[in-house]
Amino acid sequence: MTRGVALSVFASMLFALLYYYASLLHPLNGEVVFGWRMLLTLPCVGLFLLYSGEWRLVAELLARAKRQPVLWFGLPLSAALVGVQLWIFMWAPINGRGLQVSLGYFMMPLVLVVIGRFVFQERPSRLQWTAVGFAALGVMNQVWQAGGVSWETLLIALGYPLYFLLRRRLGTDNLGGFWVDMLLILPVAAWFVLASEQPFSAFSARPLLWVLVLGLGMISALALVCYIVASRRLPLSLFGLLGYVEPVLLVFVSLLLGESINDGEWPTYIAIWLAVGLLVLEGVKRLLTAKRYSFDASPSASDKP
């Protein structure tokens, strides 16, 4: 389990590094950076699938697509949903909108609680409902201060849950399904790279960009692989808790890049952070309960033959 925790935290650190890394690729804009990331990450993840013996997930999905025509509509929609998320992750830090995106990542788990209640008829606990209440207060303050919640925040907070929901409905919520999503994004990624004005002139003027772009693909692929391996080594509750490390790091990266939280926005962030803290507390309680149950259910020394 220790190795799983280390891999999860390392993956979050790599994603935060990737957030900062985009700012180093000047003069490439967000769309071109996104394009290069997809072009270089796809083959790396494909090699991991082959090495780990999970290429069968891709083969099974493609075989299903022949029998289930609904996938011909569902898969492009799934790719579009995650493609927008991957694009804004590269676009935001370059354009000074990193804090808005990080706030969306904080709000996303709270949206998932609401979706779980009304779509899957799950029963959120009191702590979870209290967390949703704090989040609602934060959103209300943001609406009051700015006249609304930024589109970047809404895109993350609502877009990712819709993507997760669609993947569950399609039965593609595995690494093979994600690889197919990236494959379908590839033509758009290539267009972003090639349709930019003089796509390779920036590399001629700054040869270091070739090295930086290759690093972009390597960091992206390594982060994804560490994240996937960690998800298999950890209990789901602990893995979910560690997922909150990333948005915290994204806030620090955004501040490092020169963004700032206005005085009127602090109540929004404090309310959202309190909400996330309650979800973390809920997760810790469940994890401790599960461990206690496992300990109580294990045979004592006198029970052993």
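Residues numbered from 1 in each chain as written. Predicted model: local features only at pLDDT ≥ 70, side-chain atom pairs only at ≥ 80, totals over all residues. Heavy atoms only, no water.

The subject of this paragraph is the state of the cysteines. Summed over all chains, the structure comprises zero disulfides. You can see Cys44 has no disulfide; the closest cysteine sulfur is in Cys226, sitting 13 Å from it. Classification of Cys226 as buried rests on a relative accessible area of 7%. (Disulfide = S-S within 2.5 Å. Buried < 20%, exposed > 50% of the residue type's maximum accessible area, 1.4 Å probe, protein only.)

Attention now goes to the pattern of salt bridges. Oppositely charged side chains can pair when the atoms bearing their charge come close. The final tally for this structure, using the stated rule, is three salt bridges. A salt bridge links Arg56 to Glu60; the nearest nitrogen and oxygen atoms lie 3.8 Å apart. With a gap of four residues between them, Arg56 and Glu60 both fall in helix α3 (residues 55-67), about one helical turn apart. Judged by its relative accessible area of 42%, Glu60 falls in the partly exposed class. In this structure, Asp181 and Arg167 form a salt bridge, with 3.7 Å as the shortest nitrogen-oxygen distance. Within this pair, whereas Asp181 is found in helix α8 (residues 175-194), its partner Arg167 is found in helix α7 (residues 151-170), the two being separated by 14 residues in sequence. Looking at Asp181, the relative accessible area reads 1%, which means it is buried. Relative accessible area serves as the criterion here: at 9%, Arg167 is assigned to the buried category. (Salt bridge = Lys/Arg side-chain N within 4 Å of Asp/Glu carboxyl O. Helix = DSSP H or I, 4+ residues; strand = E, 2+ residues; numbered from the N terminus.)

Okay, helix α5 (residues 98-118) next. In this model, α5 (21 residues) spans 30 Å end to end at C-alpha, consistent with the 30 Å of a helix rising 1.5 Å per residue. At Met107, α5 shows its largest bend, some 30°, and a proline, Pro109, comes one to four positions later. In terms of burial, α5 is a largely internal element, 17 of the 21 residues being buried. (Expected span 1.5 Å × (residues − 1). Bend = angle between axes of the 7 residues up to and from the residue.)

Our focus in this paragraph is helix α4 (residues 70-94). Taking 1.5 Å per residue, 25 residues should reach 36 Å; α4 reaches 37 Å between its end C-alpha atoms and fits that length. Considering bend angle alone, the principal kink of α4 is centred on Ile88 and spans about 25°.

Moving on to the confidence of the model for the protein. For the protein, the mean per-residue pLDDT works out to 86, and 92% of the residues sit at or above 70. Ranking the elements of the protein by mean pLDDT puts helix α11 (residues 236-242) last with 67 and α4 first with 95. Confidence drops under pLDDT 50 across residues 300-305; counting only partners more than four residues distant or on other chains, this segment forms one contact. (pLDDT = per-residue confidence, 0-100. Contact = heavy atoms within 4.5 Å.)

Summed over the entire model, instances satisfying the criterion amount to 19 aromatic pairs. The rings of Tyr19, Phe89, Tyr105, Tyr160, Tyr163 and Phe164 are connected pair by pair, giving a single aromatic cluster. (Phe/Tyr/Trp six-rings, centres within 6.5 Å; stacked < 30°, edge-to-face > 60°.)

What follows is about the packing of α3 against α4. The N-to-C vectors of α3 and α4 enclose an angle of 130°; their axes lie 7 Å apart at closest approach. Compared by their axis directions, α3 and α4 come out oblique. Facing α3, whose interface residues are Leu61, Arg64 and Ala65, α4 presents Leu71, Trp72 and Leu75. Along the lines of polarity and charge, the residues of the contact of α3 with α4 split into five nonpolar, no polar and one charged. (Axes fitted to C-alpha atoms, helices over the stretch in contact; angles between N-to-C directions. Parallel < 35°, antiparallel > 145°, perpendicular 65-115°, else oblique. Nonpolar A, V, L, I, M, F, W, Y, C, P; charged D, E, K, R; others polar.)

With that settled, consider a nonpolar patch on the surface. On the surface, a cluster of nonpolar side chains totalling about 500 Å² of accessible area is made up of Leu194, Phe200, Leu208, Trp210 and Val211. It is helix α10 (residues 208-233) that contributes the most residues to the nonpolar patch, three residues altogether. Considering the arrangement of structural elements, one finds Trp210 in helix α10. (Patch = residues over 30% accessible without salt bridge, like charges linked within 9 Å, V, L, I, M, F, W, Y side chains within 5 Å. Areas by Shrake-Rupley, 256 points an atom, 1.4 Å probe, with all protein chains shown as cover.)

The rolling of a water-molecule-sized probe over the atoms marks out the regions of remaining empty space. One number sums up the size of the second largest pocket: a volume of about 160 Å³. Surrounding the second largest pocket, Leu62, Ala65, Lys66, Leu71, Trp72, Leu75, Pro76, Val180, Leu183 and Leu184 form its lining. Contributions of two or more residues to the lining of the second largest pocket are made by α3, α4 and α8. No other element matches α4, which puts four residues into the lining of the second largest pocket. Taken together, the residues that form the lining of the second largest pocket break down as nine nonpolar, no polar and one charged. (1 Å grid on protein atoms, 1.4 Å probe; cavity = no way out; pocket = protein on both sides within 12 Å on 5 of 7 lines; lining within 4 Å. Points joined across faces, edges and corners; volume = space filled by probe spheres on them.)

Attention now moves to unusual backbone geometry. It is generally the case that most residues other than glycine have a negative phi and that most peptide bonds are trans. Note the cis peptide between His26 and Pro27, where omega equals 15°. The topology assignment puts Pro27 in the loop between α1 (2-21) and α2 (30-52).

Tracing the sequence through the fold places Ala195 in the loop between α8 and α9 (201-205). For Ala195, a relative accessible area of 45% gives the class partly exposed. Along the sequence, Ala195 and Leu255 sit 60 residues apart, while their C-alpha atoms lie 32 Å from each other.

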